[in-house]
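A structural walkthrough
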Amino acid sequence: MSDEQTTHVGVPSVPPPPGDRSGVLDVPSSDSEQMRRILDAMRLERTGDDTYAAESLPQLSGRIYGGQVLAQAILAADDTLVDDGDGPRLLHSAHGYFLRPGNADHGVTLAVERLHDGRSFSTRRSHAFQGGKPILSIIFSFQETQPGLEHHDPAPDAPDPETLPSAIDLFESVDHPVARFMSSTAAFDIRHVGPSIYLGPDPDRSDTQMLWMRARAPLPEGSSQLLHRALLAYACDQVMLEPVLRRQGLTWRTDGLSMASLDHSMWWHRELRVDDWLLFVQRSPSAQGGRGLGTAEVYDRSGALVSTIGQEGMVRVPEPQPHVSGSGPGEQWRRPSLR
């Protein structure tokens, strides 16, 4: 990392322990081409004391998909944890901001601050940079596995995912460059309970949304719980603002729609697998000032609450204009970041 980049990380941190900090993170590969691309991007290269280099995945928009840099920041932060002999510390929460759009044609530099190592918890802050400027800053907390109080809200009734239409099948049926890109690159299968809003708005403008999601192929045997949690962060970013669109009667094909993630908070409550079906129960409690808030409770197939997520994003739609032939809904299609 250059001097220009390190000046953005100004808070004193716990110094790294002595030893070799070179090499590449040990991330498994996959027989699935779509998942293999993502896992390759998670294989960060250690470039110095708590600094890393990462690849970016191609995007039609030319901008980095937010879930990519979220997951990379998680893996970088975890790599700085030190085993104190009491067992591993597992990621349980994250709070961060997307500061600038990233360029998908260039890689990402990551730097981690070791903010605190206590008896049970460790805190890290990850920064992602391009061209010496931060594009993401996020704090993570890790905890040793410990006994304690237990409760969670029950999962709502939902149809089995196998009975619902797949978004991938929908994309494969549409002759459009965005649909072709998504059907060929999407590593996660999404199945909405009720109508999706890819091609048209929800006629009921519902204030809730439910969908099932899982990886299109099983993760390699022995994949860590950390990797599953990082991939949930990766995958969720593509659907977190959908409830905002749904409640407003909008669709991914709404002319002039402009969206960007602004901040992201996430809690991991229990062990999970992204290669088994996960139920997202989503709402948008508020939208104002060109911003919309999306929330999600994520359940596994047994009904256990495994994660809670909140994200606010910029959601802008131009004022209605007089209709011009050939410019109606569907002529242009904003890509819903399905990666």
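Further up the page is the structure itself.
Definitions and limits used
- Residues numbered from 1 in each chain as written.
- Predicted model: local features only at pLDDT ≥ 70, side-chain atom pairs only at ≥ 80, totals over all residues.
- Heavy atoms only, no water.
- Buried < 20%, exposed > 50% of the residue type's maximum accessible area, 1.4 Å probe, protein only.
- Helix = DSSP H or I, 4+ residues; strand = E, 2+ residues; numbered from the N terminus.
- Core = buried A, V, L, I, M, F, W, Y, C linked by side-chain atoms within 4.5 Å.
- Salt bridge = Lys/Arg side-chain N within 4 Å of Asp/Glu carboxyl O.

1. Quick notes on unusual backbone geometry
- Backbone geometry places Asp-50, a non-glycine residue, at a positive phi of 60°.
- For Asp-50, a relative accessible area of 5% gives the class buried.
- Within the chain, Arg-205 stands out as a residue other than glycine whose phi angle is a positive 45°.
- Within the secondary structure, Arg-205 is located in the loop between strand S8 (188-193) and strand S9 (208-215).
- Given a relative accessible area of 44%, Arg-205 falls into the partly exposed group.

2. Comments concerning the nonpolar core
- Phe-188 and Phe-280 are the most contacted members of the largest nonpolar core, which totals 78 residues.
- Broken down by element, this core gets its largest block of residues, nine residues, from helix H6 (residues 225-236).

3. Considering the pattern of salt bridges
- Under the definition given, this model contains 16 salt bridges.
- Taking the shortest distance from any N to any O, the salt bridge between Arg-301 and Glu-162 comes out at 3.1 Å. With Arg-301 in the loop between strand S12 (291-300) and strand S13 (305-316) and Glu-162 in the loop between strand S7 (133-144) and helix H4 (167-172), the pair connects residues that are 139 residues apart, well separated along the chain.
- Among the ionic pairs, Asp-202 bridges to Arg-246, the shortest N-O distance being 3.1 Å. Of this pair, Asp-202 sits in the loop between S8 and S9 while Arg-246 sits in helix H7 (residues 242-247); the two residues are 44 residues apart in sequence, bridging distant segments of the chain. Comparing Asp-202 with Arg-246, the two get one shared label, buried.
- In this structure, a network of salt bridges that share partners links the residues Asp-84, Arg-89 and Glu-144.

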